[in-house]
Amino acid sequence: MGLPVALAEAIGLRDPPFEKRWETLGEPHLLVIGAYAMGLRIEPHPRGALLTVSIDDYELPTDRPWRWLGRLLGPRYARWCCERMLKDAQHAFEADGTSAPRA
């Protein structure tokens, strides 16, 4: 679409294979959300494992023309990101031959 986007992320916690948390650095230039923190955690469960993916906090874009888009689409985009990560993890578990966590 010809719109420039940019961001940098840093891992704040990495405890393979159980937990990972990361967040944006500085001021990201995205269209729908601004700065955010995300994480994923795998915990034992009686039927295999429980995978939790979260966006703990996100801000609206700081670029004034895009704030309205963030208000409109930010929650939907955050949900889509989490669902996409869950599906990708499920496919990775299935390809590995291990039990896939369920959303």
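Placed above this text is the structure.
All figures in this text were calculated on a predicted structure; none of them were measured in a lab. In this numbering scheme, every chain counts its residues from 1 along its sequence in written order. Whole-chain, interface and lining totals are the exception, using all residues; otherwise, since this is a predicted model, local features are given only for residues with pLDDT of at least 70 and side-chain atom pairs are given and counted only at 80 or more. Hydrogens and water molecules were not included; the side-chain quantities draw on all heavy atoms of the structure.

Turning to the pairing of strand β4 (residues 48-58), a few remarks are in order. Within a regular beta strand, the side chains point alternately toward one face of the sheet and then the other, so they alternate between its two faces. Looking at chain direction, strand β3 (residues 36-45) and β4 are connected through ten bridges and run antiparallel. Note that in β4 the partner of P44 across the bridge is A49. Paired strands, as defined in this entry, are two strands with at least two bridges between them according to DSSP. Counting from the N terminus, the helices are the DSSP runs of H or I reaching at least four residues and the strands are the DSSP runs of E reaching at least two.

So, on to unusual backbone geometry. A cis amide bond links P16 to the next residue, P17, at an omega of -5°. Along the chain, P17 falls in the loop between β1 (6-15) and β2 (19-29).

With that settled, the discussion passes to the nonpolar core. Among the nonpolar cores identified, the biggest contains 16 residues, and I33, Y36, M38, L51, V53 and I55 are the most heavily contacted of them. The leading source of residues in this core is helix α1 (residues 64-96), at six residues. In this description, a nonpolar core means a group of buried Ala, Val, Leu, Ile, Met, Phe, Trp, Tyr and Cys residues linked to one another through side-chain atoms lying within 4.5 Å. The buried label goes to any residue with under 20% of its type's maximum accessible area, the exposed label to any with over 50%, and the partly exposed label to all in between, with areas taken from a 1.4 Å probe on protein chains only.

Another point: α1. Note: α-helices contain 3.6 residues per turn, so residues at a spacing of three or four share the same orientation. A helix is expected to span 1.5 Å for every residue after the first. Taking 1.5 Å of rise per residue, the 33 residues of α1 would be expected to cover 48 Å, and the 45 Å separating its terminal C-alpha atoms lies within 8% of that figure. To get the bend at a residue, fit one axis to the 7 residues ending there and another to the 7 starting there, then take the angle between the axes. Most pronounced at L73, the bend in α1 amounts to some 55°, and the proline P75 follows within four residues. Restricting attention to buried positions, one finds in α1 the residues L69, G70, G74, A78, C81, C82, L86, A89 and Q90. On its buried face, α1 is in contact with β4. Downstream of α1 by one or two residues, G97 has phi in the positive range, about 85°. A contact between two residues is defined here by any heavy atoms of the two lying within 4.5 Å.

Salt bridges, as used here, are contacts in which a Lys or Arg side-chain nitrogen is within 4 Å of a carboxyl oxygen on Asp or Glu. On inspection of all chains with the given rule, the structure shows three salt bridges. The salt bridge partner of E19 is R41, with a shortest N-O separation of 3.1 Å. In this pair, E19 sits in strand β2 while R41 sits in strand β3, placing the two residues 22 residues apart along the sequence. Of the residues examined, R41 reaches a relative accessible area of 39% and is grouped as partly exposed. Of the charged contacts in the structure, one is a salt bridge between D56 and R21, with a shortest N-O distance of 2.3 Å. Highlighted residues: D56 in strand β4 and R21 in strand β2, separated in sequence by 35 residues.

Turning next to the side chain of T24. Inspection of the secondary structure puts T24 in strand β2. Accessibility expressed as a relative area gives 9% for T24, which makes it buried. In contact with T24, not counting residues within four places along its chain, are L7, A8, E9, A35 and Y36.

Moving on, we get to the pairing of β2. Note that β1 and β2 share eight bridges and pair antiparallel. Bridging across to β2, A6 finds its partner in H29. The turn joining β1 and β2, which pair antiparallel and follow one another in sequence, is formed by three residues. Across five bridges, the pairing between β2 and β3 is antiparallel. Following the sheet pairing, E19 is matched in β3 by R41.

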